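Here's the letter readout for the chains.
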Amino acid sequence: MSEDLVLTEIDAATGIATLTINRPKVLNALDVPTARAFLQAVRKVTATKGVRCIVLSGSDRAFMAGGDVAAFGTEPDRAAEVVHDLLDALHPALTALRESPAPVIAKVQGVAAGAGFSLVLGADLVIAEAGARFVVAYDRIGTSPDCGGTWALPRKVGRAKAMELLLLGETLSAEEARAAGIVNTVVPAEELNAEALALAKRIASGPTQAQGAVRALVDGALDRPFAAHLEAERASFIRMTGTRDFREGVSAFLEKRQPQFRGE
């Protein structure tokens with residue numbers, strides 16, 4: 001069933017939602033049913049009140065090996081149609097994740113390739129096991145990236161490094177990806193789940209509306225002139241003064257205690 005292709009867990013107590021691509025026999029490669037299930041799952045968690053952090057993961061040995069290339073090979077004349085169907089589901093899913101105030105964490109084990117690599121690049125924070133591998137992979141099948149890879153990669157690593165990765169297609173180890181600015185934290189494989197949960201809890205306990213505002217400001221920073229960006233920052237700050245978390249943060253500061261944010 002489609003709901004088995006993407007496992008969805010929402011912990012109301014912590015505000016953490018976890019989406020797990022669940023096609024382990026093909027290293028969680030995306031086919032059209034899985035892409036549609038992912039869209040349904042994203043819509044569910046982004047519409048759920050109280051979700052304050054979203055964790056993306058893959059089941060078993062891999063994060064995601066990209067698109068299911070076998071679907072192109074069996075019917076090559078329908079490749080364009082398959083791509084349209086995949087992206088008709090993935091584009092609104094990725095946009096909804098981008099527009100959600102809840103920060104997104106990618107938890108990576110095994111390989112993140114192709115669309116899986118793009119999904120990692122779109123996350124706000126990335127935690128990976130020491131043995132994880134990252135590769136663009138599109139060059140190996142003679143096409144260009146999708147799922148926002150060419151939007152996010154130069155923002156994270158700069159144009160020169162982005163072009164190197166996109167044109168040469170070299171595989172990065174977890175440590176190489178961390179050094180390049182793609183991965184935030186590398187941990188031993190046996191510690192990945194616990195460390196990812198700890199990170200998600202820390203994010204979910206923060207001021208979610210302000211975190212969402214930070215995401216939007218950073219995303220727009222490269223596309224606005226400096227003066228326009230100053231005004232965007234002003235407008236964002238003023239909006240935040242109307243939140244419950246802003247009032248709590250100010251009170252906690254004055255009272256010299258830790259704030260208790262609610263994401264409101």
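Please refer to the structure higher up on the page.
Since the structure is predicted, the reported quantities are computational estimates derived from the model, not experimental observations.

(A) Spotlight on the packing of aromatic side chains. Under the definition given, this model contains two aromatic pairs. Look at F117 and F134: their rings are 6.4 Å apart centre to centre, the planes differ by 55 degrees, and that puts the pair in the tilted class. Pair noted here: F117 is in helix α5 (residues 115-122) and F134 is in strand β7 (residues 133-135), with a separation of 17 residues, a long-range link. Between F237 and F246 the ring centres are 6.4 Å apart and the planes differ by 70 degrees, which places this aromatic pair in the edge-to-face class. We classify F237 as exposed; its relative accessible area is 56%.

(B) Spotlight on the environment of G206. Position of G206 relative to the elements: it lies in the loop between α9 (192-204) and α10 (208-220). Between the C-alpha atoms of G206 and D245, which are 39 residues apart in sequence, the distance is 8.8 Å. Once residues lying within four places of it in the same chain are set aside, the contact partners of G206 are R52, Q211, D245, F261 and G263.

(C) Representation of the nonpolar core. Membership of the largest hydrophobic core comes to 58 residues, with the highest contact counts inside it found for F38, V108, F134 and I182. Ignoring anything within four residues of it in the chain, the contact list for V108 reads F63, V120, V126, I127, A128, E129, A132, F134 and L192. Listed in part, the eleven residues of the second largest apolar core include V187, A200, I203 and A204.

(D) Representation of the pairing of strand β1 (residues 6-11) within the structure. Two strands pair when backbone bridges link them, and β1 and strand β2 (residues 16-21) are joined in this way by six bridges, in the antiparallel orientation. Residue E9 lies in a different strand from β2, and its bridge partner there is T18. Count of turn residues in the β1/β2 antiparallel hairpin: four residues, of which G15 carries a positive phi of about 80 degrees.

Reading the values: the criteria
- Residues numbered from 1 in each chain as written.
- Predicted model: local features only at pLDDT ≥ 70, side-chain atom pairs only at ≥ 80, totals over all residues.
- Heavy atoms only, no water.
- Phe/Tyr/Trp six-rings, centres within 6.5 Å; stacked < 30°, edge-to-face > 60°.
- Helix = DSSP H or I, 4+ residues; strand = E, 2+ residues; numbered from the N terminus.
- Buried < 20%, exposed > 50% of the residue type's maximum accessible area, 1.4 Å probe, protein only.
- Contact = heavy atoms within 4.5 Å.
- Core = buried A, V, L, I, M, F, W, Y, C linked by side-chain atoms within 4.5 Å.
- Pairing = 2+ DSSP bridges.

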